[in-house]
Amino acid sequence: KIPILSKNDYKQNYLKFVKDGMLTEASSILLRSPVSDYSIKDKLLNPLNLEIYITSGSTGTPIEIIRHKYDVNQNYIVLNNYRKIVGGFESLSNYVWVLPESIASRKYVFCQESTYFRHNRYGYIACIEKLSKARLQEFLLFCYEKEIKSIIAWPSFLERLADYTVNTKQINLLQSVQYIESNSELLEKKVFFKICDFLKKPITNIYSGNETNFIAGTCSKNCMHVFDDNIFIELIRNQGGSSETIVTNLNSANTALIRYNLGDIAEWDSQECSCE
């Protein structure tokens, strides 16, 4: 009997999904106001252990999302345990997370001038808006110089990187990489096998949403398994006959969503997976 929450419902009322008492009326008014620099909202939220995100993946229009840092950390514990199983403990120590951010959005969202900057003590963010040869070469040199252990990126980037690296015979520049993770797009089987052959390293595909964090991850057979500690999933058929992904946070105490329509289409796999 609990109603399904739409993206538009969330967009109109996102401040109400923060636990009662955390936000004052004055801070809510400021958060609803347009800003030229997101560091203004960050300064307000950081002392409250809250973070603001922007997503437009399935709607085409930006949606602001507020998550509590404790909730995010709880979700990352589940993901990092999975990463440790697939890539080994050392793979968690020095990563680069590649994002398709333009120069304008990099300055607006991250307040950064540089293409590469430190994310935290465990790794870096790289904002690469064009997959040109020059950008890919720059990325290879960065991985080599920083002795990167893990690459997190979207499949199209990883496929272009594999093709460029093989064609230029520079696989030695990625010798320190132990783990590859893809997100944001479907990891098709041909790309999965291409990347596996390219680096001879494990690759996993993580299914997530900015509103809900980590939902599922692929095993060595490229089958997607739900992170049951983080998320409860329902697949509900719409009028067109497709099953929409409805998610409920199980690991978020301060910024939870109940029966949220993520805007994705999925099906349960009827076959048993014989992976590890």
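One numbering rule holds for all chains: residues counted from 1, following each sequence as written. The model is predicted, so local features are restricted to residues of pLDDT at least 70 and side-chain atom pairs to those at 80 or more, both for listing and for counting; the totals for chains, interfaces and linings are taken over all residues. Only hydrogens and water are set aside; all other atoms, that is, all heavy atoms of the structure, feed into the side-chain values.

Draft legend 1. Fine view of the side chain of histidine 68. Structurally, the position occupied by histidine 68 is in strand β2 (residues 63–68). Ignoring sequence-local partners within four residues, the contact set of histidine 68 consists of Met22, Leu48, Asn49, Leu50, Asn254 and Thr255. Strands here mean DSSP runs of E at least two residues long; helices mean DSSP runs of H or I at least four residues long; both are numbered from the N terminus. Residue contacts are defined here by distance: any two heavy atoms, one from each residue, within 4.5 Å place the two residues in contact.

Draft legend 2. Representation of the pattern of salt bridges in the model. Salt bridges are defined as contacts in which a side-chain nitrogen from Lys or Arg sits within 4 Å of a carboxyl oxygen from Asp or Glu. The full count for this structure, using the stated rule, is 10 salt bridges. In this structure, the salt-bridge partner of glutamate 211 is lysine 7, at a minimum N-O distance of 2.9 Å. Of the two residues, glutamate 211 is situated in the loop between β8 (203–209) and β9 (213–218) and lysine 7 in helix α1 (residues 7–13); the sequence distance between them amounts to 204 residues. Each of the two residues, glutamate 211 as well as lysine 7, counts as buried. Connected via shared salt-bridge partners are Glu129, Arg135 and Glu138. Using a 1.4 Å probe on the protein chains alone, a residue whose accessible area is under 20% of its type maximum counts as buried, one over 50% counts as exposed, and one in between counts as partly exposed.

Draft legend 3. Representation of the packing of aromatic side chains in the model. Pairing of aromatic rings covers Phe, Tyr and Trp, the last counted by its six-membered ring, and requires centre-to-centre distances within 6.5 Å; plane angles under 30 degrees mean stacked, over 60 mean edge-to-face, and any other angle means tilted. Summed over all chains, the structure comprises 9 aromatic pairs. Relative to phenylalanine 227, the ring of tyrosine 82 has its centre 5.1 Å away and its plane inclined at 70°; by these criteria the two rings are edge-to-face. A residue pair is termed long-range when its members are at least 10 positions apart, and tyrosine 82 in helix α4 (residues 69–87) and phenylalanine 227 in the loop between β10 (224–226) and β11 (231–237) qualify at 145 residues. As far as burial versus exposure is concerned, tyrosine 82 and phenylalanine 227 are alike and both buried. Ring geometry for tyrosine 116 versus phenylalanine 142: centroids 4.4 Å apart, planes at 25°, classification stacked. Of the two residues, tyrosine 116 is situated in strand β4 (residues 116–120) and phenylalanine 142 in helix α6 (residues 133–146); the sequence distance between them amounts to 26 residues.

Draft legend 4. Main features of the environment of glutamate 101. Following the sequence through the fold, glutamate 101 ends up in the loop between β3 (95–99) and α5 (103–110). Between the C-alpha atom of glutamate 101 and that of lysine 130, which follows or precedes it by 29 residues, the distance is 9.0 Å. If near-sequence neighbours (up to four positions away) are discounted, glutamate 101 is found in contact with Arg106, Phe110, Cys127, Ile128 and Glu129.

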